[in-house]
Amino acid sequence: MSDAEDIVVLIPRLRRYARALAGEHNAADDLVQDTLERAWSKLHLYRRGTDLRAWLFTVMHNVYVNQRRAARNNVPLDEDMPELAQPARETDTLVLRDLDAAIRRLAPEQREVLLLVALEDMSYGEAAEALGVPIGTVMSRLSRGWEKLRAMLSGLPAGGKQLKIVK
Amino acid sequence: MASTPQEDAELKALSQALHQLYDPVLDEPVPERLRARNVKHARWRSVAVAAGWVALGLGAGVLAGWQLHDRRPGVPPQAEVPGFVKRAAVAHAVYSPEVRHPVEVGADQEQHLVAWLSKRLGAPLRAPKLEDVGYSLVGGRLLPDESSVAGAPASVAQFMYQCKQGTRITLYVRTNAVGNRETAFRFAAEGNVKVFYWIDRKLGYALSSADIGKDVLMNVANAVYQQLNP
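All figures in this text were calculated on a predicted structure; none of them were measured in a lab. (Residues numbered from 1 in each chain as written. Chains lettered and ligands numbered in written order. Predicted model: local features only at pLDDT ≥ 70, side-chain atom pairs only at ≥ 80, totals over all residues. Heavy atoms only, no water.)

Enquirer: Explain the overall build of chain A to me, please; I cannot follow it from the model alone.
Expert: Counting its secondary structure elements, chain A contains seven helices and two strands. Along the chain direction, N to C, the helices and strands of chain A fall in the order α-α-α-β-α-α-α-α-β. Counting every position in chain A, which comprises 167 residues, the buried fraction comes to 53%. In chain A, of all internal contacts separated by at least 6 residues, the share reaching a separation of at least 24 is 70%. (Helix = DSSP H or I, 4+ residues; strand = E, 2+ residues; numbered from the N terminus. Buried < 20%, exposed > 50% of the residue type's maximum accessible area, 1.4 Å probe, protein only. Contact = heavy atoms within 4.5 Å.)

Enquirer: For this particular structure, what's the right way to read the pattern of salt bridges?
Expert: Where charged atoms from two side chains of opposite charge approach closely, those side chains can pair. Taken as a whole, this structure holds 15 salt bridges over all chains when the rule is applied. For the salt bridge of A:D29 with A:R15, the shortest nitrogen-to-oxygen distance reads 2.9 Å. Residue A:D29 is found in helix α2 (residues 25-41), and its partner A:R15 is found in helix α1 (residues 3-22); the two are separated by 14 residues along the sequence. Considered together, A:D29 and A:R15 belong to a single accessibility category, that of buried residues. Of the charged contacts, one joins B:E28 and A:R15 as a salt bridge, the two residues approaching to 3.2 Å between their closest N and O atoms. Of this pair, B:E28 sits in the loop between α2 (24-27) and α3 (32-35) while A:R15 sits in helix α1, on two different chains. By relative accessible area, which is 18% here, B:E28 ends up buried. Each of A:R13, A:R16, A:R53, A:E120 and B:D23 takes part in one network of salt bridges that share partners. (Salt bridge = Lys/Arg side-chain N within 4 Å of Asp/Glu carboxyl O.)

Enquirer: Quick question: what am I supposed to make of the packing of helix α5 (residues 108-118) of chain A against helix α6 (residues 124-131) of chain A here?
Expert: How two helices sit against one another is set out by the angle between their axes and by the gap between those axes. Residue and element names in this part refer to chain A. Their axes nearest at 9 Å, the elements α5 and α6 cross at an angle of 135°. It follows from the interaxial angle that α5 and α6 lie oblique. Crossing handedness for the pair α5 and α6: right-handed. Along its contact with α5, which presents E112, V113, L116 and V117, the element α6 presents Y124, A127, A130 and L131. Grouping the constituent residues of the contact of α5 with α6 by class yields seven nonpolar, no polar and one charged. (Axes fitted to C-alpha atoms, helices over the stretch in contact; angles between N-to-C directions. Parallel < 35°, antiparallel > 145°, perpendicular 65-115°, else oblique. Left-handed = near helix turned anticlockwise from the far one by under 90°. Nonpolar A, V, L, I, M, F, W, Y, C, P; charged D, E, K, R; others polar.)

Enquirer: Which parts of the structure should I look at to understand the packing of aromatic side chains?
Expert: In this description, an aromatic ring pair is defined by two values, namely the gap between the centres and the angle between the planes. Residue and element names in this part refer to chain B. Per the stated rule, a full pass over the model turns up six aromatic pairs over all chains. For the ring pair W198 and Y205, a centre distance of 5.3 Å and an interplane angle of 20° mean the geometry is stacked. By relative accessible area, which is 9% here, Y205 ends up buried. Relative to Y225, the ring of W198 lies with its centre 6.2 Å away and its plane at 75°, an arrangement referred to as edge-to-face. Here Y225 lies in helix α8 (residues 214-228) and W198 lies in strand β6 (residues 193-200), a separation of 27 residues in the sequence. Judged by its relative accessible area of 1%, W198 is buried. Through successive ring pairs, a cluster of aromatic residues spans W198, Y205 and Y225. Over the ring of Y95 we find R141, and its NZ or CZ is 3.8 Å from the ring centre. Over the aromatic face of F187 sits the side chain of K214, whose NZ or CZ is 4.7 Å from the ring centroid. (Phe/Tyr/Trp six-rings, centres within 6.5 Å; stacked < 30°, edge-to-face > 60°. Lys NZ or Arg CZ within 6 Å of the ring centre and 35° of its normal.)

Enquirer: Before we go on, may I ask you to explain the pairing of strand β7 (residues 203-209) of chain B in this structure?
Expert: Note on strand geometry: in a regular strand, side chains alternate between the two faces of the sheet. Residues and elements named next belong to chain B. Judged by how many residues are buried, β7 sits mostly within the fold: seven of seven residues are covered. Burial of β7 is two-sided: the residues L203, Y205, L207 and S209 facing one way and the residues G204, A206 and S208 facing the other way are all buried. Note: strand β4 (residues 168-174) against β7, five bridges, orientation antiparallel. Looking at the pairing, R174 lines up with G204 of β7. If you look at the hairpin formed by β6 and β7, you'll find two residues sitting between the two strands, and R201 has a positive phi there, around 50°. (Pairing = 2+ DSSP bridges.)

Enquirer: Help me out: how do you make sense of the sheet that holds β6(B) in this one?
Expert: What holds strands together in a sheet is hydrogen bonding between their backbones, with the strands either parallel or antiparallel. All names here are of chain B. As summarised here, the arrangement of the seven strands in space is β1-β2-β3-β4-β7-β6-β5, forming an open sheet in which the pairing is antiparallel. In this open sheet, the two strands that pair with only one neighbour each are β1 (105-106) and β5 (186-190). In the sheet, strand β2 (residues 136-144) pairs with strand β3 (residues 155-162) via eight bridges, with the strands oriented antiparallel. Bridge assignment links L142 to a residue of β3, and that residue is A157. Taken strand by strand, α8 contacts β4, β5, β6 and β7, and its axis lies near 25° from that of β6.

Enquirer: Is there a simple way to explain α5(A) in this structure?
Expert: Think of an α-helix as 3.6 residues a turn; residues three or four steps apart then line up on the same face. With 10 of its 11 residues buried, α5(A) lies for the most part within the structure. For α5(A), the complete set of buried residues consists of A:P108, A:Q110, A:R111, A:E112, A:V113, A:L114, A:L115, A:L116, A:V117 and A:A118.

Enquirer: I keep staring at helix α6 (residues 83-95) of chain B and nothing clicks. Help me out?
Expert: Residues and elements named next belong to chain B. With 13 residues, α6 should cover 18 Å at 1.5 Å per step; its first-to-last C-alpha distance of 18 Å lies within 8% of that length. Of the residues making up α6, those classed as buried are F84, V85, R87, A88, A89, A91 and H92. Packed against the buried residues of α6 are β2, β3, β4, β5, β6 and β7. (Expected span 1.5 Å × (residues − 1).)

Written out as structure tokens, the structure reads:
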């Protein structure tokens, strides 16, 4: 397959990650579209034989950072909001939409790392390369993001039980 | 990270949950605008796409609806700034510059003030103590709310605080807040008034200021939240 065909095959994967990262449906596809435009125009910079998916995630990361920079002065802002201690829930059941809402409230840097590792199954090294940061940064962001997520989802007992998912 | 079996198990559970949440995207048809090889020349933004669908008329109505509303179930759209936040900003702009009558009931009658407002709003209110973050209570007032509940006129409360330099912030509290699932802090700017707002069960809060930075205001908002949710 050509690089171009490979890219097309990976579009659903990019959309999934974008949806998790950007949240809203259209915003996520805008992110994918901008990523693809950039990827098509920068395809000559892609080194054949290296991981195309990782390269595309790097492109998306850069586009995402630029988008956020451009949007920084827009309101309402949801980013970098401190997480609130949620009132204790009646059950220890983690509802999926709560997880989505909690992911939304993570700092974008932490959200990216968490999704690359937990959703995209990247190793710390791969995530570090995709984000252009040292591996230690990936680990500390992951650790902090995970702690925040845990705190937000008070349905998740601090010491113990596994996540229980209900649809 | 993920150094103990416990943490490994939790990360794995998180991973499974994320897949359950986002994997359906993999099965969605890829929109045409993303399949176009040279998207640079076919830069259709979602709005334009949606508008185009609508323009196709009734026949495309179903499609347009799909295009506009297709999001995975259970995930709410990006919240708009609620009306009460706008009203809070307006109330801040109107009352905070007042020199002689900034409040109806002063902080010297705090107990009466809180009891009165609690009675009128039908919910136990508290005036948080913000001395630790540099603000002291000036007093409060009762205000009409735009929305009425079951035909009965609704009321909201405004608490006003002031720092040593005279800068004022107001905490606007309303009951029967809708969408009470949402408890995150949000930020909005209405004109030159900055507002942090959040909804906690039935109470909606909006903390407004025109004169202090977002960071300082956020710090105060945190203090308010902590006190109201010990």
